[in-house]
Structures are given as structure tokens and as C-alpha cells.
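# Observations on chain architecture
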Amino acid sequence: MPSVLVSVEAGVESITLNRPEKLNALNPEMHQLLRAALERAAVEPEIRVVVLTGAGRGFCTGQDLAERDVSAGAAPIDLSVSLGSHYNPLVRRLRALPKPIICAVNGVAAGAGANIALACDLVIAARSASFIQAFSKIGLMPDAGGSYFLPRLIGTARAMGLALLAEKLDAEQAVQWGLIWKVVDDQQLINEANALALKLANGPTKGYGLLKKAMYASPGNSLDAQLDLERDLQREAGYSEDYREGVTAFKEKREPRFKGK
Ligand code: T3D
């Protein structure tokens, strides 16, 4: 079985990390397959939303530590190579994808696995799932965007607690803190994620891509800069077929039939 499963149906690309016996810890092959699936989503117009999840009882536990030779006498490892070639491009790809990405966190999300989830646009978790900034347990610091996402989503005090203590944060608490969108019963996770995906797959894809740009630019912008950005992005949205359809449907008192253009 491939270590990442990919399928496309009804406008939804489903990506499943598939090394359940290792809680979907990431190795180079998985990075390559995951990135290829996301590149495909970026260019194929029939893909209008992505769902990312994990097989088995874990979502993803970050870097496969079995790949790291830290035995006495082994040369020190330059981890910037791994971040530069795998994790940073992955997080950038997730954030810049002009289509919504739903992360369905089916179990434990640890280390870079937790932060990959946070890089997605809508995070929905099973009640038994959890998030662990596991890095400090092995002498590292949060990566894969963790030091960016955490303070912005939950504030510096909580971000510091999670990073320093590397304690498990359960899904309920994650919702209460505003780290993720929603928690659902375990058996409901995939149904709920697919229902959200179908809804978004029938939505104004172009508009979704523009709103992602605006939201993710916001933390680094002044109000003035953000207003200018909104003006420019709304111009693009206003030129879309979906805007025409949305307003027409409103006037005709019917549901819009968006084409994603
Ligand atoms: O190196 C670089 O490229 C730099 C980038 C780093 C990014 C990072 O992600 S660093 C952080 C790496 N992740 C971790 O430190 C988390 C390691 N995992 C754990 O702490 C625990 O597995 C959990 C707390 C997440 C879950 O614990 P538990 O008791 O539910 O499961 P388990 O028994 O520990 O794990 C089950 C199996 O998965 C086990 O294999 P085994 O012994 O049955 O053959 C375990 O070794 C394996 N596994 C889990 N996580 C990883 C892993 N194997 C390799 N790498 C992992 N990250």
C-alpha cells in the first residue's frame, strides 16, 4: 500500500497519510507523495477542495525519528536541510493553495504533524484526537510553522505552555482555546469532514482562494494595507462568474450554482 493514499471524487481530493503502524510519522517518500497530491490539487480545476486525514489511530506524529542517526559517533545532523526541503515547502504549499483544505484529525497529532494540521484552513478533530507540541521532549523547538500559528491562534501564554511542557492538548480543549474549528464524535469524523468538503466543493472556489489570501496576509498587515488588499482581491472576486451567479441567484430567490470560476 502506498504511504499516502489519494483519491478524487465530486470535486474533493482526499489525501490519507497511510503508515498507521508508525502513527503516520513522515518520511521522505510520504513528503514527496503528499506534495505531489497538493500540487495536483493546485492545478486541476475539477479539484475544488482537499481533505487531509490519517489512517489508523494517529493523524501524524511529525518527523519519522527512526530516520535520524543520533548514535554516538554519528555526524551531527543539519536539520535545516530537512526543514528547507520538506517541511517549509509543505506548509507554504498548504497555505498558498487557492482552494480550501480541511484537516480531519483522526487521532494524535504530534510535532510537525500538529503544525501541519494547523496550516490547513478548517481543522475538525475526532473527540479522541489530541495535539502535542512534542519538540521540546527531544530537544527541538516547534517547526512546520508552529511558532507562527500558535501565538496567533491561542496567544503567547498558551503557546509557550504547549511548547515548553509538550503536554497533550485534547481536542475539546483545542476547540475551547480557538486552536481548531470543531470537534465531533470519532465515528462522525469522516462523514462530517466529507459533508463540509462537499459543501465547499460546490462553492465559489475562486472567492475561497481570495479569502484565504486576505486572511493569511492579515496578521502581518496594518489596517491600511489590509483595506488596500481587500480592495484588490474584491476586484478579482467581482470579475468572477461565481459572483455573477451568486447575485443572480439571490435576485431570483434560488440557490446559486457555482462553477468555481
Ligand atoms: O528531523 C527533522 O527533519 C526535523 C523536523 C522535525 C519535525 C518533528 O516533527 S520533530 C517531532 C517528532 N515527533 C515526536 O517527537 C513524537 C514522537 N511520538 C511520540 O511521542 C508518541 O508516539 C506519541 C505521544 C505521539 C503517541 O504515543 P503512543 O504511546 O500512543 O504511541 P507509540 O507507542 O509511541 O507509537 C506507536 C508506534 O509509532 C511506535 O512504534 P513501535 O514501537 O510500535 O514499532 C512508535 O515508535 C511509532 N512512532 C510514533 N511516532 C513516531 C514513531 N516512529 C518514528 N517517528 C515518530 N515520530
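Higher on the page you've got the structure.
Residues take numbers from 1 onward in each chain, read along the sequence in its written order. Reporting in this predicted model follows two pLDDT cut-offs: at least 70 for local features of residues, and 80 or more for side-chain atom pairs to be given and counted; totals over whole chains, interfaces and linings ignore these cut-offs and use all residues. Only hydrogens and water are removed before side-chain values are computed, so all heavy atoms of the structure are retained for them.

## Some thoughts on the side chain of T205
Note on placement: T205 falls in helix α8 (residues 205–217). Three exposure classes are used, based on accessible area relative to the maximum for each residue type with a 1.4 Å probe and protein chains only: buried under 20%, partly exposed in between, and exposed over 50%. Classification of T205 by relative accessible area gives buried; the value is 5%. Residues adjacent in sequence count toward polar contacts only when both atoms are side-chain atoms; beyond that, a polar contact is any pair of N or O atoms within 3.5 Å, and within protein one must be able to donate a hydrogen and the other to accept it. Engagement of the side chain of T205 in a polar contact is seen with the side chain of R48, the distance being 2.9 Å. Working rule for contacts: check all heavy atoms of both residues, and any pair within 4.5 Å makes them a contact. Those residues within four positions of T205 in sequence are excluded, and the remaining contacts are R48, P98, K99, D242 and G260. Here a strand is any run of E in DSSP of at least two residues, a helix any run of H or I of at least four, and the numbering for each starts at the N terminus.

## What about the environment of I47?
Positionally, I47 belongs in the loop between α1 (28–43) and β3 (49–54). Residue I47 is classed as buried on the basis of its relative accessible area, which comes to 0%. The spacing of I47 and A109 is 62 residues in sequence and 26 Å in space, taken between C-alpha atoms. Apart from residues lying up to four places away in sequence, I47 is in contact with V8, G11, E13, R40, A41 and K99.

## Comments concerning the site of the ligand
In the vicinity of the ligand there are 24 residues, among which K22, Q63, L65, R68 and S82 approach most closely. A distance of 3.5 Å is found between an oxygen atom of the ligand and a backbone nitrogen or oxygen belonging to E21. A distance of 2.7 Å separates an oxygen atom of the ligand from a polar side-chain atom of K22. In the complex, 67% of the free accessible area of the ligand, which totals 1100 Å², lies under the protein chains. Listed by contribution, the elements that provide at least two residues to the shell around the ligand are α2 (79–96) and β6 (108–110). The leading source of residues in the shell around the ligand is α2, at four residues. Tallied by class, residues from the shell around the ligand come to 13 nonpolar, five polar and six charged. One heavy atom within 4 Å of a molecule or strand is enough for the residue carrying it to be called near that molecule or strand. With residues, only the protein chains shown are counted as cover, and all accessible areas are computed by Shrake-Rupley using a 1.4 Å probe. All residues other than Ala, Val, Leu, Ile, Met, Phe, Trp, Tyr, Cys, Pro, Asp, Glu, Lys and Arg, Gly among them, are scored as polar; the first ten of these are nonpolar and the last four charged.

## Digging into the sheet that holds β3
Read from one edge of the open sheet, six strands run β1-β2-β3-β5-β7-β10, paired in mixed fashion. Looking at strand neighbours, the two that pair on one side only are β1 (4–9) and β10 (182–184), the edges of this open sheet. Averaged over all adjacent pairs, the angle separating strand axes in this sheet is 20°, with direction ignored. Here, any two strands with at least 2 DSSP bridges between them count as paired. Here strand β5 (residues 101–105) pairs with strand β7 (residues 122–126) via four bridges, running parallel. Each residue of the ladder has a partner; that of I102, found in β7, is L122. Note on geometry: axes are C-alpha line fits, over the in-contact stretch for helices, and angles between N-to-C directions span 0 to 180 degrees.

## Comments concerning unusual backbone geometry
Backbone geometry at A144 places phi at a positive 50°, although glycine is not the residue there. When its relative accessible area of 1% is taken as the criterion, A144 is described as buried. Its identity is not glycine, yet A166 carries a phi of approximately 50°, on the positive side. Within the fold, A166 resides in the loop between α5 (156–165) and β9 (168–170). A relative accessible area of 4% means that A166 is categorised as buried.

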